[in-house]
Amino acid sequence: MKRALVTGITGQDGSYLTEFLLAKGYAVHGIIRRASSFNTDRIDHLYEDRHKEHVNLFLHYGELGDATSLRRVIETTEPDEIYHLGAQSHVRVSFDQPLYTADVDASGTLRLLEAVRDIDGRTGRRTKVYNAGSSEMFGASAPPQSEKTLFYPRSPYAVSKVAAHWFAVNYREAYGIPVSNGILFNHESPRRGETFVSRKITRAVGRIYLGLQESLYLGNLDARRDWGFAGDYVEAMWLMLQQDDADDFVVATGESYTVREMLDVAFGHVELDWRDYVRFDPRYVRPTEVDHLCGDASKIRRTLGWEPRVGFEPLVRMMVDHDVELARGERMLTDHGHALAQRGLASP
Ligand code: NAP
Ligand code: F7E
């Protein structure tokens, strides 16, 4: 049985990847952060009591800022494959917390690679590593963006991801660690964090449709993104680690749409006109924006046979359907006198 270790297992991608790996027969170990409230919602449906006989999912406390915990978890779990997904992943927030973002996203990746370098050097193991890179690294470089496109990062998040990318390349070349960089374009799902624009929109559509919210405040509606489905993208991560030689790959659909077009599809799905509800709030505009990302994923299509299955419109409709159901549940609660959680409304 292969063993995988996943950093960021409680995130959107961590949850889809864990489902995928468990279905392939892996034992999956995940690193979670201690929090004052439960932060395992996205993987609760996969978790089994450790005391049962056949358990394949194990959680360990750790932190990307804490090299000792990373090292200890890698030493005790002896993974064949590490999927490094943990990060402060919000671009807007990275302008508010640049040092923290750099520490977790850039230095955190380096801490992980250092642990692998030492442990593999001592034991003779050959641990494969996937590093979660981002299309944000291309930033101001014109589309279509491929593995050959120059990085021109436009936020502390993107700069940190560029550093992590080059740390990974350097550790591959210097120490022979088989680390692959995935350069993934935006990917969304009903499990997407509620402060990213797609989910912020679809949550609002559900609540507006059910009479729980009056308006939706957004920033720049002209930004274009190449939006795919997270469930498709975790397969690409796994495919990269099934190769003998580590390499870097762009993962994208090859189509891009504006935030405005996403509003058309999302509100249109419940027959509402977004112009009646969407308002502008300059708080959501970034000091430096990334205007247009559209990926050229021909390398991974050609060499690993990966294809996206879910297109833009079905993706947005899937998310709206999910969030209308969620809002129905909230509506029932408010009808019975419970207060509605407002946290989604104060989002970056
Ligand atoms: P996400 O939902 O924000 O999940 C991030 C994960 O990282 C969570 O499990 C989070 O834990 C964990 N984490 C954050 N800070 C940490 C720290 N200091 N120590 C340990 N763990 C920490 O992100 P995602 O959408 O799944 O993305 C996965 C990875 O791909 C990230 O590296 C992201 O930057 C990158 N990426 C994402 C996209 C995309 O469109 N989704 C595109 C390109 C690249 P908590 O649950 O406790 O917060
Ligand atoms: O913004 C615009 C915003 O926050 C998309 C992360 O997963 O993908 C993600 O980063 C666009 C931007 O994603 C609001 O200005 C307008 O142009 O959903 P987002 P992102 O910044 O592209 C990349 C690939 C990652 O690697 C990241 O980890 O939408 N926008 N109004 C808004 N964005 C937000 N969040 N909120 C707004 O109100």
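As the structure is a prediction and not an experimental result, all values here were calculated from the model. (Residues numbered from 1 in each chain as written. Chains lettered and ligands numbered in written order. Predicted model: local features only at pLDDT ≥ 70, side-chain atom pairs only at ≥ 80, totals over all residues. Heavy atoms only, no water.)

Undergrad: Give a description of the site of ligand 1 that names residues and reports values.
TA: Of all residues adjacent to ligand 1, which total 26 residues, the nearest are Thr10, Asp13, Arg33, Ser89 and Tyr157. Contacts to ligand 1 include Asn39, whose side-chain N or O atom sits 3.3 Å from an oxygen atom. At 3.0 Å, a side-chain N or O of Glu63 approaches a nitrogen atom of ligand 1. When ligand 1 sits alone it has 900 Å² of accessible area, and the protein chains cover 89% of it. Taken together, the elements giving at least two residues each to the shell around ligand 1 come down to helix 1 (12–23), helix 4 (98–123), strand 5 (128–134) and helix 5 (156–175). The element best represented in the shell around ligand 1 is strand 5, accounting for three residues. Of the residues contributing to the shell around ligand 1, the split by class is 10 nonpolar, 11 polar and five charged. (Near = heavy atom within 4 Å. Polar contact = N/O pair within 3.5 Å; in protein donor to acceptor, adjacent residues only side chain to side chain. Areas by Shrake-Rupley, 256 points an atom, 1.4 Å probe, with all protein chains shown as cover. Helix = DSSP H or I, 4+ residues; strand = E, 2+ residues; numbered from the N terminus. Nonpolar A, V, L, I, M, F, W, Y, C, P; charged D, E, K, R; others polar.)

Undergrad: Just give me the short version of the site of ligand 2, but keep the residues and values in it.
TA: By nearness alone, 25 residues border ligand 2, and Ser89, Ser134, Tyr157, Arg286 and Glu289 come closest of all. Within the side chain of Tyr157, one N or O atom sits 2.7 Å away from an oxygen atom of ligand 2. Against a free-state accessible area of 700 Å², the protein chains account for coverage of 96% of ligand 2. The class makeup of the residues in the shell around ligand 2 is 11 nonpolar, eight polar and six charged.

Undergrad: Give a description of the pairing of strand 3 (residues 57–61) that names residues and reports values.
TA: Burial of strand 3 is extensive: four of the five residues sit out of reach of the surface. Note that strand 2 (residues 27–32) and strand 3 share five bridges and pair parallel. Residue pairing in the sheet places Gly30 in a bridge with Leu59 of strand 3. (Buried < 20%, exposed > 50% of the residue type's maximum accessible area, 1.4 Å probe, protein only. Pairing = 2+ DSSP bridges.)

Undergrad: Residue-level account of the pairing of strand 6 (residues 179–184), with values.
TA: For strand 6, the buried fraction is high: six of the six residues fall into the buried class. Both faces of strand 6 are covered, namely the face carrying Val179, Asn181 and Ile183 and the face carrying Ser180, Gly182 and Leu184. Looking at chain direction, strand 5 and strand 6 are connected through six bridges and run parallel. Bridge pairing in strand 6 links Gly133 to Ile183. Of the crossover connections in this fold, the one passing from strand 5 over helix 5 to the parallel strand 6 is right-handed. Where strand 6 lies against strand 11 (residues 248–251), four bridges are found, and the strand directions are parallel. Of the residues in strand 11, the one forming a bridge with Leu184 is Val251. (Right-handed = clockwise from strand over helix to strand, strands pointing away.)

Structural measurements only, silent on function.
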